[in-house]
Amino acid sequence: MIVALMIGRSGSRGLRGKNTLRVLGKPLCEYPLLAAKKSKYVDKIFVSTDCPIISRVAKKHRVTKIVRPKKLCTAKALGEDVFKHGFDFIKRTLKLENKKIELLVLLMANAATITPKMIDSGIKFLKKNKKFDS
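Rules used throughout
- Residues numbered from 1 in each chain as written.
- Predicted model: local features only at pLDDT ≥ 70, side-chain atom pairs only at ≥ 80, totals over all residues.
- Heavy atoms only, no water.
- Helix = DSSP H or I, 4+ residues; strand = E, 2+ residues; numbered from the N terminus.
- Rg over C-alpha atoms; globule rule 2.2 N^0.38 Å.
- Buried < 20%, exposed > 50% of the residue type's maximum accessible area, 1.4 Å probe, protein only.
- Contact = heavy atoms within 4.5 Å.
- Areas by Shrake-Rupley, 256 points an atom, 1.4 Å probe, with all protein chains shown as cover.
- Lys, Arg positive; Asp, Glu negative; His and termini not counted.
- Charge placed at Lys NZ, Arg CZ, Asp CG, Glu CD.
- Expected span 1.5 Å × (residues − 1).
- Arc of directions from axis to C-beta.
- Patch = residues over 30% accessible without salt bridge, like charges linked within 9 Å, V, L, I, M, F, W, Y side chains within 5 Å.
- Salt bridge = Lys/Arg side-chain N within 4 Å of Asp/Glu carboxyl O.
- Phe/Tyr/Trp six-rings, centres within 6.5 Å; stacked < 30°, edge-to-face > 60°.

Chemist: Go over the overall build of the protein, please, and point to the residues and values.
Modeler: From N to C terminus, the protein includes four helices and six strands. When its helices and strands are written in sequence order, the protein yields β-β-β-α-β-α-β-α-β-α. What you see for the protein is a C-alpha radius of gyration of 14 Å, in line with the 14 Å of a compact globule of 134 residues. For the protein, buried positions account for 38% of its 134 residues. Put simply, 66% of the contacts in the protein that link residues at least 6 apart link residues at least 24 apart. Just so you have it, the protein exposes about 8,500 Å², and 56% of that area is on carbon and sulfur atoms. For the protein, the distance from the average position of its 31 positive side-chain charges to the average position of its 10 negative side-chain charges is 5 Å.

Below you can see the structure in the form of structure tokens.
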């Protein structure tokens, strides 16, 4: 199964609320979700967040929300720890469905320029080149 995990939190220091800023009428975090939904290959999408607005966007698009622990909701939390928490959650969830992760697409909530074509191109490359892992 090919899954996507979008990570984004509230409390940005550099640009307050960057993940939920409205761009062309949509919150910034909606664009990566739309790209994953339109991908030819992504089977399921997960969102790791503590932000109520990102949570609403996730619910609107019927993707699975991962409740992020408080220790991973601070400016000091490392992205790799957030990713690992999300990965472990997804692995457990899919195991209950007797499914395994084939590939995982990592999305950032503030990456509005990601497109379905970019996602699909990366997935096709990784499927064709088994010696690469990311």
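Now that the structure has been shown, we can carry on.
Chemist: Lay out unusual backbone geometry with the relevant residues and their values.
Modeler: The phi torsion at Leu24 lies on the positive side, around 50 degrees, for a residue other than glycine. Inspection of the secondary structure assignment puts Leu24 in the loop between strand 2 (22–23) and strand 3 (26–27). Positive phi, close to 55 degrees, is recorded for Arg62, a residue that is not glycine. By the secondary structure assignment, Arg62 is in the loop between helix 2 (52–60) and strand 5 (64–67).

Chemist: Got a sec to walk through the environment of Arg62? Specific residues and values, please.
Modeler: Owing to a relative accessible area of 79%, Arg62 belongs among the exposed residues under this scheme. It is 9.9 Å that separates the C-alpha atoms of Arg62 and Lys44, two residues lying 18 residues apart in sequence.

Chemist: Give a detailed account of helix 4 (residues 116–128), specifying residues and quantitative values.
Modeler: Taking 1.5 Å per residue, 13 residues should reach 18 Å; helix 4 reaches 18 Å between its end C-alpha atoms and fits that length. Regarding helix 4, the residues found buried are Ile119, Asp120, Ile123 and Leu126. With its buried residues spanning 130 degrees around the axis, helix 4 presents them on a single face. Summarising the geometry of helix 4, the exposed residues directed more than 90 degrees from the buried face are Lys117 and Lys128. Buried residues in helix 4 make contact with strand 1 (2–7), helix 1 (30–38) and strand 6 (103–108).

Chemist: Please provide a residue-by-residue account of a positive patch on the surface, values included.
Modeler: A grouping of Lys40, Lys117, Lys124 and Lys128 is seen on the molecular surface, where their side chains present a positively charged patch. As for its placement among the helices and strands, Lys128 is situated in helix 4. Residue classification places Lys128 among the exposed positions, given a relative accessible area of 69%.

Chemist: I'd like a description of the packing of aromatic side chains, backed by residues and values.
Modeler: This model, assessed by the stated rule, comprises three aromatic pairs. Taken together, a centroid distance of 5.3 Å and an interplanar angle of 40 degrees make the contact between Phe125 and Phe132 tilted. Given a relative accessible area of 42%, Phe125 falls into the partly exposed group.

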